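# Overview (structure and organization)
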Amino acid sequence: MRLSILDQAPISNDKTANEALAASIKLAQTGDDLGYTRYWIAEHHDLPGLACPAPDLMLGIIGAKTNCIRIGAGAVLLPHYKPFNVAERYNMLATLFSDRIDLGIGRAPGGSAEASIALSGDFLKQVNQFSDSIDEVLQFLHKSFPKDHMYSKIKPSPVPTYSPEPWLLGTSEKSAILAAEKGLPYAYGHFISDADGPSIVKQYTKKHSETIVTVSAVCAETTEKANELALSSQLWSVLRAKGEGSGRIPSVEEAKAYSFSDEEKETIRKMERKMIIGDPKEVKQQLEQLQLLYQVDEFMLVTITHSYEARQKSYELIAKEMLADN
């Protein structure tokens, strides 16, 4: 089993965005040292608890501070951008960091309707053109426009020796079908989808095999400690859904002191069914069970904890248990 990292660059309620981004750089370096396959950083806009609106800027720094791990966007939210601009930016990264760049492509807004309008005007119009925009990105990357096409006269310079590897990210049957139609590797967001993930992925893998499943995971030395750490991210999700709180990740102490309603407790139970929480052996067992369900070889782990040190430790413990012999 290959393991990778998805980082949403969370901002804890007693930290600054600068500290969150510094922790992201350190996490990528840790993943590089421990044998994780990829490090992807997500794109979000005007969300107070998440620090990265521009993955390509972060990847320029992270690439310079890592050696082997593949790095990429999880994902570039393509409806906000012109395909040529995306191809230019990721070709530049692939020129700097040869054969290490992944270009994850997504269609979500990544923020509020107001933020989407500020970024790209008519976002829904761009969403409707999503399939065509993917085609344009691929044609720019592969220099495959017909000779009579206007864009055949231009190239997204610099052109690297190894092109960025494009992936399509999604959480639905529709996205899996689109990935298969485009011949793209597919990354399925198990951690944010209520759909029948194994069925969706199985449908995709009938035609293609390169698949990642992204799961929420929290690991600590003991099960009790892991559950405590997970509680802060669960409270964060509860408060965000209600439009309450600072938007940043609350501490374990705040989560323990919070009086959850019966409805909120049920919400957390639903979250836990999607999460992997436990000590290293329990996490390994749960990942192996998930692998049997999904029949894939790579899982990408997203870990949200109030403490950046605890998040770092979670990835370290999982790597020691599962990647030490790789």
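One can find the structure itself at the top, above this paragraph.
Here we summarise the structure given alongside this text. (Residues numbered from 1 in each chain as written. Predicted model: local features only at pLDDT ≥ 70, side-chain atom pairs only at ≥ 80, totals over all residues. Heavy atoms only, no water.)

## Observations concerning the pairing of strand β5 (residues 165-170)
- With four bridges connecting them, strand β4 (residues 101-106) and β5 associate as parallel partners. What sits directly across from L103, in β5, is P166. (Pairing = 2+ DSSP bridges. Helix = DSSP H or I, 4+ residues; strand = E, 2+ residues; numbered from the N terminus.)

## A word on the environment of R269
- Along the polypeptide, R269 turns up in helix α11 (residues 262-274).
- Sequence separation of R269 and Q285 is 16 residues, and the distance between their C-alpha atoms is 20 Å.

## A short note on the packing of helix α12 (residues 280-294) against helix α13 (residues 308-322)
- Axis separation between α12 and α13 bottoms out at 9 Å; the angle between their running directions is 70 degrees. Viewed along their axes, α12 and α13 adopt a mutual orientation that is roughly perpendicular. The handedness of the crossing between α12 and α13 is right-handed. Residues P280, K281, V283, K284 and L287 of α12 pack against L317, I318, E321 and M322 of α13. (Axes fitted to C-alpha atoms, helices over the stretch in contact; angles between N-to-C directions. Parallel < 35°, antiparallel > 145°, perpendicular 65-115°, else oblique. Left-handed = near helix turned anticlockwise from the far one by under 90°. Contact = heavy atoms within 4.5 Å.)

## Observations regarding the side chain of S232
- Position of S232 among the secondary structure elements: in helix α9 (residues 223-242).
- Beyond its immediate stretch of four places on either side in the chain, S232 contacts I249, P250, S251, V252, A255, T305 and H306.

## Things to note about the packing of aromatic side chains
- Enumeration according to the criterion identifies 10 aromatic pairs in this entry.
- When the centroid spacing of 6.1 Å and the interplanar angle of 45 degrees are considered together, the rings of Y188 and Y294 count as tilted. Separated by 106 residues along the polypeptide, Y188 in strand β6 (residues 186-189) and Y294 in helix α12 bring together distant segments of the chain.
- For the ring pair Y258 and F260, a centre distance of 4.7 Å and an interplane angle of 70 degrees mean the geometry is edge-to-face.
- What makes Y258 partly exposed here is its relative accessible area of 24%.
- For F260, a relative accessible area of 14% gives the class buried.
- Within the aromatic cluster, the residues linked to one another by ring pairs are F84, F140, F145 and Y151.
- One cation-aromatic arrangement involves R240 over W236; the distance from NZ or CZ to the ring centre is 4.5 Å. (Phe/Tyr/Trp six-rings, centres within 6.5 Å; stacked < 30°, edge-to-face > 60°. Buried < 20%, exposed > 50% of the residue type's maximum accessible area, 1.4 Å probe, protein only. Lys NZ or Arg CZ within 6 Å of the ring centre and 35° of its normal.)

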